[in-house]
Amino acid sequence: MISYCSEEHRLWHQPQHREICDVIRNINYNIWDSRNMMRDKWIKFKEKNVRRIKQELRRELEPYEEQMFLYPKSCLICYHQINLPIDCRYCCSSTCCVHTLDNQAHKCKERAKCFNLDKQYAIKNKGDQKISIKFLCLEMDIRAVPNMALFVGMCIQRDKQHRNWTLDDYAYTDVFSKPLTLFYGMRQISSPNHFDMSGTFIVHIITGGSMDIRNLSAWEILLHQQKMSTILTIVMIGPELQDKQDTLKTCGLQSFRKV
């Protein structure tokens with residue numbers, strides 16, 4: 001259920017993998033027996049496997065461990081999991097046993113885009129995400145932009161070098177989701193003529209994680225929508241976080257800090 005690019009990496013990961021591997025081998029039913037299941041039964045079967053593995057391990061699964069059972073390599077048509085000889089070489093995300101893959105049926109272009117986004121994220125630095133200046137919208141009033149697709153499209157138009165969406169542009173739709181959702185939500189409950197973030201503005205992120213830390217600089221977009229000077233403080237609360245405080249550098253027009 002898991003593979004490695006080299007023997008060196010397999011041996012390096014073996015201490016972490018051995019525990020769950022032993023549980024899989026000793027479980028009293030065949031977790032690969034999924035051929036010709038109906039879709040609803042296939043989904044429930046995978047969820048059952050996750051629950052059973054958790055029960056045997058007596059702990060929560062790591063994200064990659066849970067993904068092993070929720071997203072196993074299986075036939076796109078009949079959900080068979082063993083000896084899958086047919087792979088889509090374009091999207092690298094669809095396999096079959098004895099069936100024929102149809103590019104349109106398995107949404108090849110969309111799957112390829114998702115695969116490339118995942119691959120790009122995997123090789124990115126783990127530090128704070130450096131946001132392209134075109135997305136800070138220094139001259140754009142985001143109150144006039146009704147949705148994320150239009151927001152990204154208008155930002156792309158401001159960049160003379162790129163007219164089409166890049167992988168980074170697609171990733172930014174997720175990066176900016178939280179600050180823009182908060183911005184529009186606050187505008188919905190405030191008078192349009194009295195929406196004010198001047199002074200010190202504090203945002204609490206509950207169950208914050210590594211992705212929230214990585215994308216902190218995206219919150220700068222809120223500062224550029226204010227005519228008055230604003231200090232933005234982001235307070236994140238979550239089990240993955242360390243107790244620390246930093247002041248982040250922005251473009252120089254505004255500043256904010258994370259706690």
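Residues numbered from 1 in each chain as written. Predicted model: local features only at pLDDT ≥ 70, side-chain atom pairs only at ≥ 80, totals over all residues. Heavy atoms only, no water.

The protein carries the name Mitochondrial splicing suppressor 51-like C-terminal domain-containing protein in an unreviewed UniProt entry, which gives Harpegnathos saltator as its organism.

A. Local environment of the overall build of the protein. Tallying secondary structure elements over the protein gives nine helices and six strands in all. When the 259 residues of the protein are sorted by exposure, 37% land in the buried category. Within the structure as shown, the protein displays about 17000 Å² of accessible surface, and the carbon and sulfur contribution to it stands at 51%. (Helix = DSSP H or I, 4+ residues; strand = E, 2+ residues; numbered from the N terminus. Buried < 20%, exposed > 50% of the residue type's maximum accessible area, 1.4 Å probe, protein only. Areas by Shrake-Rupley, 256 points an atom, 1.4 Å probe, with all protein chains shown as cover.)

B. Summary view of the environment of Leu61. Counting through the fold element by element, Leu61 comes out in the loop between helix H2 (39–57) and helix H3 (63–70). By relative accessible area, which is 11% here, Leu61 ends up buried.

C. Here's a closer look at H3. All of the buried residues in H3 are Glu65, Met68 and Phe69. Projection of H3 onto a plane perpendicular to its axis shows the buried side chains occupying an angular sector of 85°, all on one side. (Arc of directions from axis to C-beta.)

D. Just the nonpolar core, in detail. In this structure, Phe151, Phe176, Val203, Trp219, Ile221, Leu232 and Ile234 are the most contacted members of the largest nonpolar core, which totals 25 residues. Contributions of two or more residues to this core are made by helix H5 (148–157), helix H6 (167–175), helix H7 (177–189), strand E3 (199–206), helix H9 (220–223) and strand E4 (230–237). By size, the runner-up hydrophobic cluster in this structure holds 16 residues, among which are Ile20, Ile31, Met37 and Val50. (Core = buried A, V, L, I, M, F, W, Y, C linked by side-chain atoms within 4.5 Å.)

E. Inspection of the packing of aromatic side chains at higher detail. Under the definition given, this model contains five aromatic pairs. Between Phe151 and Phe176 the ring centres are 5.6 Å apart and the planes differ by 65°, which places this aromatic pair in the edge-to-face class. Of this pair, Phe151 sits in helix H5 while Phe176 sits in the loop between H6 and H7; the two residues are 25 residues apart in sequence, bridging distant segments of the chain. In terms of burial, Phe151 and Phe176 fall into one category: buried. (Phe/Tyr/Trp six-rings, centres within 6.5 Å; stacked < 30°, edge-to-face > 60°.)

F. Quick peek at the state of the cysteines. For the coordinates displayed, the defined rule picks out zero disulfides. Between Cys92, a cysteine without a disulfide, and Cys91, which holds the nearest cysteine sulfur, the sulfur-to-sulfur distance is 6.6 Å. (Disulfide = S-S within 2.5 Å.)

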